[in-house]
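Summary of structural features
Single-letter residue listing:
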Amino acid sequence: MPLRIGIVGLPNVGKSTLFNALTKTRAAAAANYPFCTIDPNVGIVEVPDKRLQKLAALVSPKKIIPATVEFVDIAGLVKGASKGEGLGNAFLSHIREVNAICHVVRIFEGEVIHVEGSVEPRRDRETIETELALSDLDALQKRIGKIANAARTGDKEKAVELSALRKVEEALNAGKPASVATLSNEDEESAVASLSLLTRKPVIYAVNASEEQLKTLTEDEAKTRLGLPPDAQVVIICAKVEEDLQELTPEEATEYLRDLKMEASGLDRLIHAAYRTLGYATYFTAGPDEVRAWTITQGMSAPEAAGVIHTDFQKGFIAAETIAYDDYVALGGEQKAKAAGKMRSEGKNYIVKDGDVMLFRFNV
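Okay, so let's go over this structure. Only a predicted model underlies this, so the values are computations on that prediction, with no experimental measurement involved.

**So, the overall build of the protein**
Counting secondary structure elements, the protein contains 14 helices and 13 strands. In the protein, buried positions account for 49% of the 364 residues. Taking the contacts inside the protein whose residues are at least 6 apart along the sequence as the reference set, 67% of them involve residues at least 24 apart. Of the roughly 17,600 Å² of accessible surface on the protein, a fraction of 50% belongs to carbon and sulfur atoms.

**Notes on the packing of aromatic side chains**
Scanning the entire structure with this criterion turns up 5 aromatic pairs. Seen from their ring centres, Tyr-283 and Phe-360 are 5.8 Å apart, and the 85° between their planes marks the pair as edge-to-face. With Tyr-283 in strand β9 (residues 280-286) and Phe-360 in strand β13 (residues 357-362), this residue pair connects regions lying 77 residues apart in the sequence. Comparing Tyr-283 with Phe-360, the two get one shared label, buried.

**Some details on the packing of helix α4 (residues 156-173) against helix α5 (residues 186-193)**
With their axes 8 Å apart at the nearest point, α4 and α5 run at an angle of 70° to one another. As summarised for this structure, α4 and α5 are arranged roughly perpendicular, according to the angle between their axes. Considering how the two elements wind past one another, α4 and α5 form a crossing that is right-handed. Packed against α4, whose contacting residues are Val-160, Glu-161, Ser-163, Ala-164, Leu-165, Lys-167 and Val-168, the element α5 presents Asp-187, Glu-188, Ala-191 and Val-192 at the interface.

**Structural notes on the pairing of strand β10 (residues 290-297)**
Looking down a regular strand, the side chains alternate between one sheet face and the other. In this structure, strand β4 (residues 63-65) lies alongside β10, joined through 3 bridges in parallel fashion. Residue pairing for β10: Lys-63 is matched across the bridge by Glu-290. Counting the residues in the hairpin turn of β9 and β10 gives 3 residues.

**Considerations on the nonpolar core**
Ranked by size, the top nonpolar core spans 53 residues in total, and within it Leu-3, Val-69, Phe-71 and Ile-95 carry the most contacts. In terms of residue count, the dominant contributor to this core is helix α10 (residues 266-278) (7 residues). In this structure, Val-69 is in contact with Leu-3, Ile-5, Gly-43, Ile-44, Val-45, Val-47 and Ile-271, ignoring residues within four places of it in sequence. In terms of nonpolar packing, the next biggest core, distinct from the first, is built from 21 residues, Tyr-205, Ala-209, Ala-232 and Val-241 among them.

**Focus: the pairing of strand β3 (residues 42-46)**
Burial runs high along β3: 5 of the 5 residues are buried. Residues of β3 alternate between two faces, with Val-42, Ile-44 and Glu-46 on one and Gly-43 and Val-45 on the opposite face, all of them buried.

**Side note on a negative patch on the surface**
A cluster of acidic side chains, namely Asp-155, Glu-157, Glu-186 and Asp-187, defines a negative patch on the protein surface. Mapped onto the fold, Asp-187 is located in helix α5.

**Here we look at the environment of Tyr-283**
Classification of Tyr-283 by relative accessible area gives buried; the value is 0%. Placed 41 residues apart in sequence, Tyr-283 and Ala-324 show a C-alpha to C-alpha distance of 9.5 Å. Within polar-contact distance, the side chain of Tyr-283 engages the backbone oxygen of Ala-305 at 2.8 Å.

So, how was this worked out
Residues numbered from 1 in each chain as written. Predicted model: local features only at pLDDT ≥ 70, side-chain atom pairs only at ≥ 80, totals over all residues. Heavy atoms only, no water. Helix = DSSP H or I, 4+ residues; strand = E, 2+ residues; numbered from the N terminus. Buried < 20%, exposed > 50% of the residue type's maximum accessible area, 1.4 Å probe, protein only. Contact = heavy atoms within 4.5 Å. Areas by Shrake-Rupley, 256 points an atom, 1.4 Å probe, with all protein chains shown as cover. Phe/Tyr/Trp six-rings, centres within 6.5 Å; stacked < 30°, edge-to-face > 60°. Axes fitted to C-alpha atoms, helices over the stretch in contact; angles between N-to-C directions. Parallel < 35°, antiparallel > 145°, perpendicular 65-115°, else oblique. Left-handed = near helix turned anticlockwise from the far one by under 90°. Pairing = 2+ DSSP bridges. Core = buried A, V, L, I, M, F, W, Y, C linked by side-chain atoms within 4.5 Å. Patch = residues over 30% accessible without salt bridge, like charges linked within 9 Å, V, L, I, M, F, W, Y side chains within 5 Å. Salt bridge = Lys/Arg side-chain N within 4 Å of Asp/Glu carboxyl O. Lys, Arg positive; Asp, Glu negative; His and termini not counted. Charge placed at Lys NZ, Arg CZ, Asp CG, Glu CD. Polar contact = N/O pair within 3.5 Å; in protein donor to acceptor, adjacent residues only side chain to side chain.

Here it is as structure tokens:
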């Protein structure tokens, strides 16, 4: 299941620089899957996972295929975007199908002109979130207008939907995101989910700092400046540093990050934050043709995980030959792990764990 992240923010906050860093090819070990651009505002980037290389070192496959993330970049929004100001509400529709939103908020000062004339992170965050909420309210009210009569005249399905939409409308009118609305059952959840409301999606805040700020700014300080609660997902980045990193060799990039006292790039940390936020996990398949990472949601059963590869795998599922990643690497590969009794044959009720190395048995 591809992970899709929509990037939003005011103009001149570093969105374009961040996106340019995402869509430039870098010297990744999986050279067959570089960053690429498939549309002017869509880019694909591999999920950083050192485990792939360790598996490949044992298997020597013809190719290595990492999991990927698709980033959807939305042109800078301004106050009134939901009513057509700037590039308008049409651009917001481009991110309704994403899994999560990356909200880029500028915290650095400097010569780059700010659309509001000054850098005020909390104000800027609230401006964008207001526009997302107004866009949701517009979509919600249009849907309510279409189903209200049917709901009132006895259509039970529409009555359930109307009840759910009214709860979300109340939250939005109170200045809160759609995600805080309490829905009663799966039918109400399904009714609201069909609208793909922006303020129901998980949000990761990419706080764009200067290189100097990057060395000292803490996540708690960033949350305070943005007016965020303690449990908000925040990643502190310097978009210019991220762009510069793409021009370096892996060795040079490592040294550069070390000088900044960082263990991983902002882009890598952003992707991992998205995985945590969405409850994603990774399992692997490993053979002479390819070593590959597959993205699943935590709690998936073995047949469901098999279905990520192909629906026929799920329909005809028999068993999953499974080795924990640590055992696979420590023992030197599949055959040695099997000889040591570390390969398990798991059935339909097995819940796949992050890092499992799997081989599925199925009927065609």
